[in-house]
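Structural features, examined
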Amino acid sequence: MKPMGPLPPAFAHQQGVLTIAGEDAAALVAAYGSPLFVYDLAAVAAQVARFRAAMPEAIGLHYAIKANPFAPLLAAMAPLVDGLDVASGGELECALAVKPATAVSFAGPGKRDDELAAAIAAGATLNIESAGEARRALAAGERLGIAPRAAVRVNPDLELRGSGMKMGGRASPFGIDAEEAAAVVRSLIEGGATWRGFHIFAGSQALDAGALIETQAATLALAARLADAVGAAPPLVNLGGGFGVPYFAGDVALDVERVGGALAEALSRRAEVLADSGFALELGRWLVAEAGVYLTRVVDRKVSRGEIFLVVDGGLHHQLAASGNFGTVVRRNYPLAVGGRMGMAGEEEVSVVGCLCTPLDRLGDRVLLPRTAAGDVVAVFLAGAYGLTASPSAFLGHPAPAEVVVG
Ligand SMILES: Cc1ncc(COP(=O)(O)O)c(C=O)c1O
């Protein structure tokens, strides 16, 4: 038997029937079909409220829409946050549909000229990832007769300790090495761009408050050093994000209130050059992961050489991360439950496998579940971030799942 991650708090004490924002999961499947992603908007709003309560007022909240760009969720999220961060021309369009361009920033390597032009024409902020991209953005602005709004994304000379995905402290396709960032800012200003500040993203999926506190303090210090080197104050310092969620057994939820307290303190001690700057954190999964549940029906129950397999109608083509094939080194189990048997003791060890003809398609590996039969609905939790859009949905030609918001 292998352990599963902890059920998110909203589900941990449910008994009997699984409900999502008060709605019966089985009824949702009956109404919308299986497999189905359900996102609880009230849970997302509660998470935003928790962030606001925990963080100093000076910290703006940006939502990285790569975590979940589902249009109804994005529309609900837009008025709750101060900015949207996008990573492609496609995401840019989604963001501009729900938020003014001045509140939209575009990060990511390899922005094509047409994407640069679309952002500049709309008035969104480009987080510039290289000296070459700075030159192409200035050229695109010249062609359009519009000054690009541009921040410089810095590849920091620090890393986020303990983070699942490190994006700093090393050679990187992301951002401009800290040693060269000031020169690129100066070239942007001299080229006629409107300089919007720094974007410094050191990593993601961190559960250790101490590591985040350390990184945020170092990021503030780096921003101050760079501002001194530029000789101008950055209008905005995007301090990155990295707030993680507990996916696996033994994971403990991040103490966001502790991070907020320390950040307030660090801000109060910030260097003079940052006195009038604005600040923001850019979060994806922490805002939406726990609000999403992937529901998938058992098609077949079979026994092979003593191992019980629950074969479901979903799989890694919708929820790649739960199969362990999205950025994890060792495969571990996400939290799972049987829709009609919440709170019941596990009775048998089963593997929950998807309908794809590949051994990679395993949503639960030797987990302990209550007795489950064909027709039952299995819930995969923490499906609100990096679910459908982070999965190879065209692989093997199965139908797309439905997505629905509740709450
Ligand atoms: C620049 C940037 N912003 C935001 C995020 C969102 O990270 P998370 O969903 O872990 O908060 C990422 C993740 O890779 C990122 O690269």
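Now for a description of the structure that goes with this document. (Residues numbered from 1 in each chain as written. Predicted model: local features only at pLDDT ≥ 70, side-chain atom pairs only at ≥ 80, totals over all residues. Heavy atoms only, no water.)

**Considerations on the environment of Glu 272**
- Summarising the element assignment, Glu 272 is placed in the loop between α10 (256–268) and β14 (278–283).
- In sequence terms Glu 272 and Asp 228 are 44 residues apart; their C-alpha atoms lie 9.9 Å from each other. (Helix = DSSP H or I, 4+ residues; strand = E, 2+ residues; numbered from the N terminus.)

**Re the packing of aromatic side chains**
- In the structure shown here, the tally under the stated rule is 11 aromatic pairs.
- Each ring, one from Trp 195 and one from Phe 198, has its centre 5.3 Å from the other, and the planes form 75°; the classification is edge-to-face.
- Trp 195 sits in the buried class, given a relative accessible area of 9%.
- Accessibility expressed as a relative area gives 1% for Phe 198, which makes it buried.
- Between Phe 326 and Tyr 386, the ring centres sit 6.1 Å apart and the planes meet at 35°, which makes this aromatic pair tilted. On the criterion of sequence distance, the pair formed by Phe 326 in the loop between β16 (307–312) and β17 (336–338) and Tyr 386 in the loop between β20 (377–381) and β21 (402–406) is long-range, its members being 60 residues apart. (Phe/Tyr/Trp six-rings, centres within 6.5 Å; stacked < 30°, edge-to-face > 60°. Buried < 20%, exposed > 50% of the residue type's maximum accessible area, 1.4 Å probe, protein only.)

**Concerning the nonpolar core**
- Core analysis: the largest hydrophobic core is formed by 107 residues, its most contacted members being Tyr 63, Phe 198, Phe 243 and Val 352.
- Broken down by element, this core gets its largest block of residues, 10 residues, from helix α9 (residues 209–230).
- When neighbours within four sequence positions are excluded, Val 352 is seen to be in contact with Leu 310, Val 312, Leu 336, Arg 362, Leu 363, Gly 364, Val 367, Leu 369 and Val 378.
- Leu 18, Val 29, Val 377 and Phe 381 belong to the second-largest nonpolar core, a separate cluster that totals 17 residues. (Core = buried A, V, L, I, M, F, W, Y, C linked by side-chain atoms within 4.5 Å. Contact = heavy atoms within 4.5 Å.)

**Some remarks on unusual backbone geometry**
- With omega at 0°, the peptide bond leading from Ser 34 into Pro 35 counts as cis.
- Tracing the backbone through its elements, the reader meets Pro 35 in the loop between α2 (25–32) and β3 (36–40).
- A positive phi angle, near 55°, is found at Gln 205, a position not held by glycine.
- Checked against the element boundaries, Gln 205 lands in the loop between β12 (203–204) and α9.
- Although it is not a glycine, Arg 366 sits at a positive phi angle of roughly 50°.

**Examining the side chain of His 317**
- Looking at the secondary structure, you find His 317 in the loop between β16 and β17.
- A polar side-chain atom of His 317 sits 3.4 Å from a polar atom in the side chain of His 318.
- Ignoring anything within four residues of it in the chain, the contact list for His 317 reads Cys 355, Leu 356, Ser 391, Pro 392, Ser 393, Phe 395 and His 398. (Polar contact = N/O pair within 3.5 Å; in protein donor to acceptor, adjacent residues only side chain to side chain.)

**Observations regarding α2**
- Buried within α2 are the following residues: Ala 25, Leu 28 and Val 29. On an axial view of α2, the arc spanned by its buried residues comes to 100°, and they lie on one face. Exposed and oriented more than 90 degrees from the buried face of α2 are Ala 30 and Ala 31.
- For α2, the elements touching its buried residues are β1 (19–20), β2 (23–24), β3, β15 (292–304), β20 and β21.
- Two to three positions downstream of the cap, the backbone nitrogen of Ala 26 sits 2.8 Å from a side-chain oxygen, assigning the N-cap of α2 to Asp 24.
- Backbone geometry just after α2 places Gly 33 at a positive phi near 100°. (Arc of directions from axis to C-beta.)

**A look at the site of the ligand**
- Near the ligand, the surroundings consist of 12 residues, among which Ser 204, Glu 282, Gly 284, Arg 285 and Tyr 386 are the closest.
- In this structure, an oxygen atom belonging to the ligand sits 2.8 Å away from a side-chain N or O atom of Arg 285.
- In the environment of the ligand, an oxygen atom lies 2.5 Å from a nitrogen or oxygen atom belonging to the side chain of Tyr 386.
- Relative to its unbound accessible area of 390 Å², the ligand is 95% covered by the protein chains.
- Each residue belonging to the shell around the ligand can be placed in one class, and the counts come to 5 nonpolar, 3 polar and 4 charged. (Near = heavy atom within 4 Å. Areas by Shrake-Rupley, 256 points an atom, 1.4 Å probe, with all protein chains shown as cover. Nonpolar A, V, L, I, M, F, W, Y, C, P; charged D, E, K, R; others polar.)

**A word on the pattern of salt bridges**
- Here the structure, examined in full by the defined rule, presents 19 salt bridges.
- For the salt bridge of Lys 111 with Glu 133, the shortest nitrogen-to-oxygen distance reads 2.7 Å. Here Lys 111 is found in the loop between β6 (104–106) and α6 (113–122), whereas its partner Glu 133 is found in helix α7 (residues 131–144), with 22 residues between them in sequence. Assigned by exposure class, Lys 111 and Glu 133 land together as buried.
- Its salt-bridge partner being Arg 161, residue Asp 208 comes within 3.5 Å of it at the nearest N-O pair. Highlighted residues: Asp 208 in the loop between β12 and α9 and Arg 161 in the loop between β8 (149–155) and β9 (165–166), separated in sequence by 47 residues.
- Looking at Asp 208, the relative accessible area reads 36%, which means it is partly exposed.
- One salt-bridge network, in which partners are shared between bridges, spans Lys 2, Glu 307, Glu 349, Arg 362, Asp 365 and Arg 366. (Salt bridge = Lys/Arg side-chain N within 4 Å of Asp/Glu carboxyl O.)

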